[in-house]
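Next come the chains, spelled out residue by residue.
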Amino acid sequence: MVILCVDRSCILSLMSIIIAIVTFCVIFIRTKLEITSVKLKKGDVNSNKQDKLEITITNKKKRFGDAINVHVEVCLLRRENNTTKTRYLDVTLEDFALLPSQKKDTDYHIRKFYAQSTIDDKPLMDLLKDYPQVRVRVYSAHAFSGFGKVQENYFRFIVNEFQKM
């Protein structure tokens, strides 16, 4: 025999339990990626390779925290007269970007992405002189729950190095 609860206080108690479970899922079952560094990789003039930005992204989750559908967006910023001008860089991604969670004695949770200028008229070094800030955004989803998250960091280009802002 099933006893149904029709009392208002019982319904409110059940609703609060459901809300607590959903809140737990949204807060704790999400990816935890970190944009650890941005470096300038010089190209080779003889082999006609361009300069690139190397973006290192680390998955900080220990268990059950695989990140899927990782998408990286890199753009150069310049602020002038209360406006922001942006120039997007092309990021080379593989077919399926996956960042597994941290496991003992492996470094599979660290991944490097490369961004370069999409327009061939200006080299990347000239663009970095015109646009001294770099914004990196990483979009990802949790492998089990599907909940997504966006991380964003800003870096400033000073004397051939990037410093986190």
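Anyway, here's the lowdown on the structure attached to this text. (Residues numbered from 1 in each chain as written. Predicted model: local features only at pLDDT ≥ 70, side-chain atom pairs only at ≥ 80, totals over all residues. Heavy atoms only, no water.)

Considerations on the overall build of the protein
The number of helices and strands found in the protein is 2 helices and 9 strands. Moving toward the C terminus, one meets the helices and strands of the protein in the order α-β-β-β-β-β-β-α-β-β-β. In terms of C-alpha radius of gyration, the protein reaches 22 Å, well past the compact-globule figure of 15 Å for 165 residues. Along the longest, intermediate and shortest principal axes, the C-alpha atoms of the protein span 80 × 45 × 25 Å. Pairs at least 24 apart in sequence give 64% of the contacts found in the protein among residues at least 6 apart. The distance from the centre of the 27 positive side-chain charges to the centre of the 19 negative ones in the protein is 6 Å. (Helix = DSSP H or I, 4+ residues; strand = E, 2+ residues; numbered from the N terminus. Rg over C-alpha atoms; globule rule 2.2 N^0.38 Å. Contact = heavy atoms within 4.5 Å. Lys, Arg positive; Asp, Glu negative; His and termini not counted. Charge placed at Lys NZ, Arg CZ, Asp CG, Glu CD.)

Re unusual backbone geometry
The residue N69 is not glycine, and still its phi comes out positive at about 50°. Position of N69 among the secondary structure elements: in strand β3 (residues 67-80). Even without glycine at this site, N81 takes up a positive phi of about 50°. Assignment of secondary structure puts N81 in the loop between β3 and β4 (83-92). N81 sits in the exposed class, given a relative accessible area of 72%. (Buried < 20%, exposed > 50% of the residue type's maximum accessible area, 1.4 Å probe, protein only.)

Observations regarding the pattern of salt bridges
Summed over the entire model, instances satisfying the criterion amount to 8 salt bridges. When the shortest N-O distance is used, the salt bridge between E54 and K41 registers 4.0 Å. Separated by 13 residues along the polypeptide, E54 in strand β2 (residues 52-59) and K41 in strand β1 (residues 33-41) bring together distant segments of the chain. On the basis of relative accessible area, K41 is assigned to the partly exposed category, the value being 38%. The residue K112 makes a salt bridge to E54 at a minimum N-O spacing of 3.9 Å. Of this pair, K112 sits in strand β6 (residues 110-117) while E54 is found in strand β2, placing the two residues 58 residues apart along the sequence. Judged by relative accessible area, which is 42%, K112 ranks as partly exposed. What makes E54 buried here is its relative accessible area of 5%. (Salt bridge = Lys/Arg side-chain N within 4 Å of Asp/Glu carboxyl O.)

Considering the nonpolar core
One finds L53, V74 and V136 to be the most contacted residues of the largest nonpolar core, which totals 29 residues. Where this core is concerned, the elements lending two or more residues are β1, β2, β3, β4, β6, α2 (124-130), β7 (133-142) and β8 (148-158). Among the elements that line this core, the one with the most residues is β3, at 5 residues. Once you skip the residues sitting within four places of it in the chain, V74 turns out to touch L53, I55, Y88, L89, V91, A115, V134, R135 and V136. (Core = buried A, V, L, I, M, F, W, Y, C linked by side-chain atoms within 4.5 Å.)

Side note on the environment of I11
By the element assignment, I11 lies in helix α1 (residues 8-28). When its relative accessible area of 41% is taken as the criterion, I11 is described as partly exposed.

Topic: the packing of aromatic side chains
Counted under the stated rule, the structure contains 1 aromatic pair. When the centroid spacing of 5.0 Å and the interplanar angle of 50° are considered together, the rings of F157 and F162 count as tilted. The side chain of K52 reaches across the aromatic face of Y114, ending 5.8 Å from its centre. (Phe/Tyr/Trp six-rings, centres within 6.5 Å; stacked < 30°, edge-to-face > 60°. Lys NZ or Arg CZ within 6 Å of the ring centre and 35° of its normal.)

Examining the pairing of β7
The buried count for β7 comes to 8 of 10 residues, which makes it a mostly enclosed element. Pairing analysis gives 9 bridges linking β7 to β8, with the strands arranged antiparallel. Paired with R135 across the strands is Y154, a residue of β8. (Pairing = 2+ DSSP bridges.)

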